[in-house]
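Analysis of the macromolecular model
Chain residues, written in single-letter form:
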Amino acid sequence: QVQLVESGGGSVQPGGSLRLSCAASGYNISSDCMGWFRQAPGKEREGVARIYRGGGILYDADSVKGRFTVSRDNAKNTLYLQINSLSPEDTAVYYCAAASPSRRYTCRGIQSDFAIWGRGTQVTVSS
């Protein structure tokens, strides 16, 4: 059974950091395009960042550039999202997702291109 499970979320103060993890089972993340998305309260889900099969990374939101870092540990079959300098605007449920086989090479930031989703992990930033 293919499954993605996020963890690492929590409540932090502004300026803090978190590292989110996305553990994959029944699936090899190194062979696919993987993405991080988030959904803030009352807002639509948006793309955060993507990592290509070859390891290239693209950050989709200008607000996260320089603060968010995506990485992948192929040996552990786990995707990570390091988040620094957190602000209340980063409060959201964070999801990881894997692209469908037909989209793994293009790796676009279009949510419908991603076929496998985790259930999300909550990040709350407040003082």
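The structure under discussion appears in the preceding block.
Here the structure is a predicted model, which means the values were calculated and not measured. (Residues numbered from 1 in each chain as written. Predicted model: local features only at pLDDT ≥ 70, side-chain atom pairs only at ≥ 80, totals over all residues. Heavy atoms only, no water.)

1. Details of the state of the cysteines
Using the criterion set out here, one finds two disulfides in the structure. Shown here is the disulfide that connects Cys22 with Cys96, its sulfur atoms set 1.9 Å apart. Looking along the S-S bond of the Cys22-Cys96 disulfide, the torsion reads about 60 degrees, which is the right-handed sense. In this pair, Cys22 is assigned in strand β3 (residues 18-25) and Cys96 in strand β9 (residues 92-99), connecting sequence segments 74 residues apart. Taking the relative accessible area as the measure of exposure, Cys96 reaches 0% and is therefore buried. A sulfur-sulfur distance of 2.0 Å marks the disulfide that ties Cys33 to Cys107. Every disulfide takes its handedness from the sign of the S-S torsion; for Cys33 and Cys107 that torsion is 70 degrees, giving right-handed. Pair noted here: Cys33 is in the loop between β3 and β4 (34-39) and Cys107 is in the loop between β9 and β10 (114-117), with a separation of 74 residues, a long-range link. Of the residues examined, Cys107 reaches a relative accessible area of 1% and is grouped as buried. Take the cysteines of the protein that form disulfides and number them in order along the sequence; they join up as 1-3, 2-4. (Disulfide = S-S within 2.5 Å. Helix = DSSP H or I, 4+ residues; strand = E, 2+ residues; numbered from the N terminus. Buried < 20%, exposed > 50% of the residue type's maximum accessible area, 1.4 Å probe, protein only.)

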